[in-house]
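Below are the chains, spelled out letter by letter.
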Amino acid sequence: MKKNKLLLIGWDAADWKIIGPLLAKGEMPALKKLIDNGVYGNMSTMNPPFSPMLWTSVATGKTPDKHGVLGFIELAPDLKGVRPVTTNSRKTRALWNILHNKGFKSNLVGWWPSFPAEPINGVVISEKFQKINKDPKKKNPLHPDAIHPKNFKGEVLDLRMRPYEVTDQHILPFIPKAAEINQDKDQSLSTFSKLFAENVSVHAATTYTMQNTEWDFMAVYYDLIDHFCHAFMKYHPPKLKEVPIWHHEMYKDVVKGAYKFQDMMLERTLDLVDDDTTVMILSDHGFESGPNRILEMPKYPAAPALEHRQFGMFVASGPNIKKNEKIFGLGLIDVAPTVLHHFGLPVGEDMDGKVALDIFKNPGKIETIKSWDAIDGDFGELKSDHETDQFSDQEALQQLIDLGYIEKPDEDIENAIFKTKCDLKLNLARVYLGKKDYEKARELLLELITEPEPIDVIPFYMDLLTIELKFSNFEKAREYLDKLRSLNSEFESTTYFAESQILLGNGDMDGALSLLDKAVKNKPSPEVYFQIGKVYRRTSKFQNAKTAFEKAIDFEPDRAKYHRALAEVLVRLGEYEEAAESALTSIELVKYFPDAHYTLGEALEKMGDLENAKLAFETAKRLKPKEFHRAAKAIENLTEKLAKPMELRDKTDYKYRENQIVVVSGLPRSGTSLMMQMLDKGGVEPLVDGVREADYSNPKGYYEYEPVMSLHRKNDWLDKAQNKSVKIVAPLLKHIDPQFRYKVIFMKRNLNEVVKSQQKMIGKSPDTLPVKLLNAYQEQLNQIEVWKNKEPGVEIIFIDYKDVLENTQSVTKKVCSFVGKDLDEKAMASCVDKSLYRNKVISK
């Protein structure tokens, strides 16, 4: 039995928003088992979210401009027609080619595209295999190049399920009232049967191949969820008001049924692998299931992709995979490098993706190679292109037309070829848009708008408008906006964003807000609220901006840019911890987001966490080296700050406050127990319980109150501390109840001495100072300085432990003045025992 095997399963369009509730109800047990024994997280898609492009990025680790698959169709090699996209469009080596070269056996079932089947060491059952005509009277011959090796065709041909073999037993779990459907008027059952049969065929071929071949790597692709969602998501709960009750009641369970059936197939698949096999399941994008579902699809190519959400799902489980852990920041292009690393193979430096080291228990060292495409040898590739007839594979083309991914090709061959070239060029421009390479995108789009009619130029102008707004070229943006409105009057009422951005860029804040308010009243959406927030942020109305960004997040919590924008205004509002949390959420969604790392750095710096702030700024600069001059400046400033620790300043007017709580705080071993004893002797009653007794490290007692240790969870006991003193360690100060007034006496001590004293107390040698502990204590001091300025009910003085010992009288006077009461200064001074200053650092 082979070890270190990897099974990669593609679930097109699978989305956590649907999966989550099903997992909670125990309705996807196979996936739940993998999650419990592995890792899970979001999978970020790319632009444009067209499946053949995305799944080829999964297989190559490269973006579509590099791998060459640019849509659902391609030009025939003889330029005499168009056809569904094939392996021939791919211009770089895929995982199975690389594994073939290194002696591994790979199986491929249903991958899109994988036809014509490549002659790799293993089995390829291409996406042609499951495509069968719905008409039982028509024959369904399998193309000679649909399967490799060719003799394997005989083994699997009869595993295909025909749409007309689907029975009521298959249909009723999805559509319980199917018998009531008038099939002359409603073709939904016909659509269901075709999609169901195709995916059953893929599953049958998968399980057969798993059981009857030796393999190291196996990749399987299912389009069940995606195609069922395109057909039936409009009927999914919650009911949209535009959907008739009858249709909702009839088809409301189909999408949920698709997920449950996919899980059933997964369960059988997992039965056929052993514990040494790593299993990865992913989707290329999500699918809109909320109020933004589209009921009437726009009339332009690949419009159904508008229903796709930015994030798909990822789950992995195996011997070297972490257990029950959520991971962040994965993208489709990371899959191929991660699989290569799993097999101990180097990653191509020309791959756009990175190895997902976070998923592994033992990540190991990443090896690299300049490019797998530059290596000579046998990679199991096709030797030459295959001839094709005009519009070959009409069945596959027709399905793409039915799904709305492509328009019916023009009967005029020249027009069909011309339109296909334009579509592919538009897709490439959008790839560049997704990569933020706006100049290349603009160049292609400008070429497209000069093409002769008849082509629909609206998508070209829409993307050009987006680019000019990115560059703040508002005059040019206005030109494109006016052009769009002249082409289609609907753009008068659907271009609020663009119009508002132009107005904003020209300084008309009120006009921009007025337009966006109209958009909210017309149809609230997260993007409208996001734009409103940007206007308020620009006008320094940060509280209003915060509200708008929060509304955007309520609509769509998976958009990294919304969380980053919220983090930015929270920094401006002085809500630093909340800002850091929002910035981290943004980074969890999109790991390589330089602006989010920069904002995190801002928040951490304000919190006093200078080391991590510097790290965040350095990450931002590394991700965006040409543009992040402000990150470089922030790093320079922080380097100076870190070299010179923050000065701690008192905050008090030395007045007594009724029912005040005197808090003694500080770092460990900084003299807090001594100060508590001094206050006690001076006349301030301590809140203590005597649970922790005196010992060698603190022979005069600790003066502690046990509930303090859980202050971060429960602080409702603080009323007992009124008119008393209580000791609270520095990290817990931020959890005090703001309804009370506090006088904080914060004990300082040379940090080297603090650490040495702490080391001795816990039984470790004080001679070697742990750098991390020193840094952690310095960070806590920085955070206290920031915290005190945010709390109006807090007064604070800083007392140096050395001063207590050497300038006792002046310290007691300062403390008495701060507390605001007459205390027994002589009794306070008598508490000082210089012999306890055991870990003093002697200057040389």
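Being a predicted model, the structure only gives us computed values, none of them experimental.

## Focus: the overall build of the protein
Within the protein, the secondary structure is distributed over 33 helices and 19 strands. Partitioning the contacts of the protein with sequence separation of at least 6, the portion at a separation of at least 24 is 68%. About 38,000 Å² of surface is accessible on the protein, with carbon and sulfur atoms providing 49% of the total.

## Description of the pattern of salt bridges
Applying the stated criterion across every chain yields a total of 39 salt bridges. Measuring nitrogen to oxygen at the nearest pair gives 3.3 Å for the salt bridge that ties Arg 309 to Asp 558. Taken together, the residues span a long stretch of sequence, with Arg 309 in strand β11 (residues 308-309) and Asp 558 in the loop between α22 (542-555) and α23 (560-572) at a distance of 249 residues. Residues joined in a network through salt bridges with shared partners are Asp 653, Arg 657, Arg 741, Lys 743 and Glu 795.

## Side note on the packing of helix α20 (residues 509-522) against helix α21 (residues 526-538)
It is the contact of α20 with α21, at a shortest axis distance of 10 Å, that shows an interaxial angle of 160 degrees. It follows that α20 is roughly antiparallel to α21 by the angle criterion. The chirality of how α20 crosses α21 is left-handed. For the pair formed by α20 and α21, the contact residues are Met 509, Ala 512, Leu 513, Leu 516, Asp 517, Ala 519 and Val 520 on the first element and Val 528, Tyr 529, Gln 531, Ile 532, Val 535, Tyr 536 and Arg 538 on the second.

## Considerations on the packing of helix α17 (residues 474-487) against helix α19 (residues 496-505)
Look at α17 against α19: their axes get within 10 Å of each other, and the N-to-C directions meet at 155 degrees. In terms of orientation, α17 lies roughly antiparallel with respect to α19. Pair α17 / α19 crosses with left-handed handedness. Contacts between α17 and α19 involve Phe 474, Ala 477, Arg 478, Leu 481 and Arg 485 on the former and, on the latter, Ala 498, Glu 499, Gln 501, Ile 502, Leu 503 and Gly 505.

## Section: the sheet that holds strand β2 (residues 38-44)
The strand order across the open sheet formed by nine strands is β7-β6-β5-β8-β1-β9-β12-β2-β13, and the pairing between neighbours is mixed. Whereas interior strands pair on both sides, the edge strands pair on one side only; in this sheet they are β7 (147-148) and β13 (325-331). Both β2 and β13 contribute to a ladder of five bridges, which runs parallel. Looking at the pairing, Met 43 lines up with Leu 330 of β13. The sheet strands contacting helix α1 (residues 16-24) are β2 and β12 (311-317), and the helix crosses β12 at an angle near 50 degrees. Against the sheet, helix α11 (residues 254-271) contacts β1 (6-11), β8 (217-222) and β9 (278-282), and its axis sits at roughly 170 degrees relative to β1.

## Re unusual backbone geometry
In the segment running from Trp 112 into Pro 113, the intervening peptide bond is cis, with an omega of 0 degrees. When you line up the elements, Pro 113 lands in the loop between β5 (106-109) and β6 (122-125). Following Phe 115, the chain continues to Pro 116 via a peptide bond in cis, the omega torsion being -5 degrees. Relative to the assigned elements, Pro 116 resides in the loop between β5 and β6. The phi torsion at Asn 723 lies on the positive side, around 65 degrees, for a residue other than glycine. For Asn 723, the location among the structural elements is in the loop between α28 (672-682) and β17 (725-727). By relative accessible area, which is 35% here, Asn 723 ends up partly exposed.

## Looking at helix α8 (residues 188-212)
Helix length check: α8, at 25 residues, gives a terminal C-alpha distance of 36 Å against a target of 36 Å (1.5 Å per residue), a fit within 8%. A large share of α8 lies buried, amounting to 19 of its 25 residues.

## A closer look at the packing of aromatic side chains
Going through the model one piece at a time under the given rule, you end up with 29 aromatic pairs. Aromatic pair Trp 96 and Trp 111: ring centres 6.1 Å apart, planes at 70 degrees, arrangement edge-to-face. Here the residue Trp 96 occupies a position in helix α5 (residues 95-101), and Trp 111 occupies one in the loop between β5 and β6, the gap between them amounting to 15 residues. You'll find Trp 96 and Trp 111 in the same group, each marked buried. Consider the rings of Phe 228 and Phe 232, whose centres lie 6.0 Å apart with planes at 65 degrees: the pair is edge-to-face. One end of the pair, Phe 228, and the other, Phe 232, are both in helix α9 (residues 224-232), four residues apart, so they sit about a helical turn from each other. Its relative accessible area of 0% is what places Phe 228 among the buried residues. Grouping aromatic residues by their ring pairs yields a cluster made of Phe 174, Phe 192, Phe 196, Phe 228, Phe 232, Tyr 235, Tyr 251 and Phe 261.

## Section: the pairing of β8
In summary, the side chains of a regular strand alternate between the two faces of the sheet. Of all six residues that make up β8, six are buried, and the element is covered over most of its length. Side chains Phe 217, Ala 219 and Tyr 221 of β8 all project onto a buried face; the interleaved residues Met 218, Val 220 and Tyr 222 project onto the opposite face, where all are buried too. Direction of pairing for β1 relative to β8: parallel, over a ladder of six bridges. Each residue of the ladder has a partner; that of Gly 10, found in β8, is Tyr 221. Relative to β8, β5 is paired through four bridges, and the arrangement is parallel. Of the residues in β8, the one forming a bridge with Val 109 is Val 220.

## Section: the side chain of Glu 602
By secondary structure assignment, the location of Glu 602 is in helix α25 (residues 594-607). Those residues in contact with Glu 602 that sit more than four places away from it in its chain are Val 571, Arg 572 and Phe 617.

## Concerning the confidence of the model for the protein
Per-chain confidence: the protein averages 86 in pLDDT, with 87% of residues scoring 70 or above. Considering only residues more than four positions removed or in separate chains, one finds that residues 764-771, a stretch of pLDDT under 50, has eleven contacts. Counting interchain partners and residues more than four positions distant, the pLDDT-below-50 stretch residues 838-844 has 13 contacts.

## Remarks on the sheet that holds strand β19 (residues 794-800)
Reading across the sheet, the four strands line up as β17-β16-β18-β19 and stay open at both edges, with parallel pairing between neighbours. Only two strands of the sheet have a single neighbouring strand rather than two, namely β17 and β19. For this sheet, the mean angle separating the axes of adjacent strands, direction not counted, is 25 degrees. Note that strand β16 (residues 661-666) and β17 share three bridges and pair parallel. By the bridge assignment for β17, Val 662 is matched with Ser 725. α28 rests against β16, β17, β18 (742-748) and β19 of the sheet, and its axis sits at about 155 degrees to β16. Packed on one face of the sheet, helix α32 (residues 808-819) meets β16, β18 and β19 and runs near 175 degrees to β19.

## Re the side chain of Arg 293
Tracing the sequence through the fold places Arg 293 in the loop between β10 (286-287) and β11. The buried charged residue Arg 293 lacks any salt bridge partner; its closest oppositely charged side chain belongs to Glu 288, at an N-O distance of 6.2 Å. Among the polar contacts listed, one links the side chain of Arg 293 to the backbone oxygen of Met 233, at a separation of 2.9 Å. Leaving out residues up to four positions away in the same chain, Arg 293 has contacts with Met 233, Lys 234, Tyr 235, His 236, Pro 237, Pro 238, Leu 240 and Glu 288.

## Details of the environment of Leu 8
With respect to the helices, strands and loops of the structure, Leu 8 is situated in strand β1. Between the alpha carbons of Leu 8 and Ala 316 there is a distance of 9.1 Å; along the sequence they are 308 residues apart. Setting aside its immediate chain neighbours within four residues, Leu 8 contacts Val 58, Trp 111, Phe 217, Met 218, Ala 219, Val 220, Met 280, Leu 282 and Val 335.

Rules and cut-offs
Residues numbered from 1 in each chain as written. Predicted model: local features only at pLDDT ≥ 70, side-chain atom pairs only at ≥ 80, totals over all residues. Heavy atoms only, no water. Helix = DSSP H or I, 4+ residues; strand = E, 2+ residues; numbered from the N terminus. Contact = heavy atoms within 4.5 Å. Areas by Shrake-Rupley, 256 points an atom, 1.4 Å probe, with all protein chains shown as cover. Salt bridge = Lys/Arg side-chain N within 4 Å of Asp/Glu carboxyl O. Axes fitted to C-alpha atoms, helices over the stretch in contact; angles between N-to-C directions. Parallel < 35°, antiparallel > 145°, perpendicular 65-115°, else oblique. Left-handed = near helix turned anticlockwise from the far one by under 90°. Pairing = 2+ DSSP bridges. Buried < 20%, exposed > 50% of the residue type's maximum accessible area, 1.4 Å probe, protein only. Expected span 1.5 Å × (residues − 1). Phe/Tyr/Trp six-rings, centres within 6.5 Å; stacked < 30°, edge-to-face > 60°. pLDDT = per-residue confidence, 0-100. Lys, Arg positive; Asp, Glu negative; His and termini not counted. Polar contact = N/O pair within 3.5 Å; in protein donor to acceptor, adjacent residues only side chain to side chain.

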